[in-house]
Amino acid sequence: FVEADFQSADGTKLHGWYFRHEAPRAIVLYCHGNADFVPNLGSFASFLRDEYQLSTFVWDYRGYGKSGGQPYEAGVLADAESAQQWLADYEGIAIGDIVLMGRSLGGAVAVHLASRRPAAALILDSTFSSLPRVAAYHYPYLPVRWLMRTRFDSAKKIRDYPGPVFQLHGDQDRVVPFEFGRELFDAIPGPREFFVLNRGEHNGPRPDAFYQQALAFIEHHR
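(A) Up close: the overall build of the protein. Each helix and strand counted, the protein has eight helices and eight strands in total. Relative to the compact-globule value of 17 Å for 222 residues, the protein shows a C-alpha radius of gyration of 16 Å, a close match. Across its three principal axes, the protein shows a C-alpha extent of roughly 50 × 40 × 30 Å. The buried share of the protein, taken over its 222 residues, is 55%. Counting only contacts in the protein whose residues sit at least 6 apart along the sequence, the fraction spanning at least 24 positions is 67%. Accessible surface computed for the protein: about 10,000 Å², of which carbon and sulfur atoms make up 50%. When the 22 positive and 26 negative side-chain charges of the protein are each reduced to one mean point, those points stand 5 Å apart.

(B) Quick peek at the sheet that holds strand β2 (residues 13-19). Reading across the sheet, the eight strands line up as β1-β2-β4-β3-β5-β6-β7-β8 and stay open at both edges, with mixed pairing between neighbours. The sheet is open, and its two borders are formed by β1 (2-7) and β8 (192-197), each paired with just one other strand. Direction aside, neighbouring strands of the sheet carry axes that sit 20° apart on average. Two elements, β2 and strand β4 (residues 54-59), share four bridges in a ladder whose sense is antiparallel. For Tyr 18, the partnering residue across the bridge sits in β4 and is Phe 57. Across the sheet, helix α7 (residues 178-186) lies against β6 (121-125), β7 (165-170) and β8, angled at about 170° from β8, the strand it touches most.

(C) Quick look at the pattern of salt bridges. Taken as a whole, this structure holds 13 salt bridges when the rule is applied. One salt bridge in this structure joins Glu 22 and Arg 20, with 3.5 Å as the shortest N-O distance. You can call Glu 22 exposed: its relative accessible area is 68%. With relative accessibility at 35%, the residue Arg 20 sits in the partly exposed group. Between Glu 183 and Arg 133 there is a salt bridge whose closest N-O contact spans 2.2 Å. Linking Glu 183 in helix α7 with Arg 133 in helix α4 (residues 131-138), this pair joins segments that are 50 residues apart in sequence. For Glu 183, a relative accessible area of 27% puts it in the partly exposed group. Arg 133 gets classed as partly exposed once you look at its relative accessible area, which sits at 24%. Three or more residues are tied together by salt bridges with common partners; here these are Asp 10, Arg 62 and Asp 79.

(D) Up close: unusual backbone geometry. Positive phi outside glycine occurs at Ser 126, with the angle close to 60°. Looking at where Ser 126 falls in the secondary structure, it is placed in the loop between β6 and α4. For Ser 126, a relative accessible area of 0% corresponds to the buried category. Positive phi values are uncommon outside glycine, yet Arg 199 reaches one of about 60°.

Thresholds applied
Residues numbered from 1 in each chain as written. Predicted model: local features only at pLDDT ≥ 70, side-chain atom pairs only at ≥ 80, totals over all residues. Heavy atoms only, no water. Helix = DSSP H or I, 4+ residues; strand = E, 2+ residues; numbered from the N terminus. Rg over C-alpha atoms; globule rule 2.2 N^0.38 Å. Buried < 20%, exposed > 50% of the residue type's maximum accessible area, 1.4 Å probe, protein only. Contact = heavy atoms within 4.5 Å. Areas by Shrake-Rupley, 256 points an atom, 1.4 Å probe, with all protein chains shown as cover. Lys, Arg positive; Asp, Glu negative; His and termini not counted. Charge placed at Lys NZ, Arg CZ, Asp CG, Glu CD. Pairing = 2+ DSSP bridges. Axes fitted to C-alpha atoms, helices over the stretch in contact; angles between N-to-C directions. Salt bridge = Lys/Arg side-chain N within 4 Å of Asp/Glu carboxyl O.

Following this line, the structure appears as structure tokens:
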């Protein structure tokens, strides 16, 4: 893999690993979940490269792994734009040629990118309509929808993305309940497909069928 050191717009130093395939079916910017960081994603990224011919860039938000700074919503979203630009520059392609893939919190980051800049496609795994909706589910006795400064309002942002979206959600997800994934899916204006992971939870391996169907969907809509 290629080790990437780059900067966010405010100068925060960021870090990632790029697992490049010589003849990729797609070039993927992967936005990870809250509990992940780059060293934990190496086997996953190499799996995507070797099994599905996906050139995959995994990188850390500010405050995660070797990336500097402390995480906050606007900073993380700026970091994502810099990661996207690094990948486009490294490959010598347009930003709109990159497939955005995000899991959980990373799905919200990927949706933000797609709402602001062109993207070849979105692949979303176990993500949500907005963070306050999830917080209100877990803490119903607190007015979290009004207190939370961190919004990640994906259901609103995704309306600005006209491209294809392939979305997976487990029907037994207790971290981001299934209903919040469906809320996000219902807001998608463009081509879309929803993969229900039967008896699926928030974490754990995804079946081969998910990756195969996602790739077939993306290639159909290119």
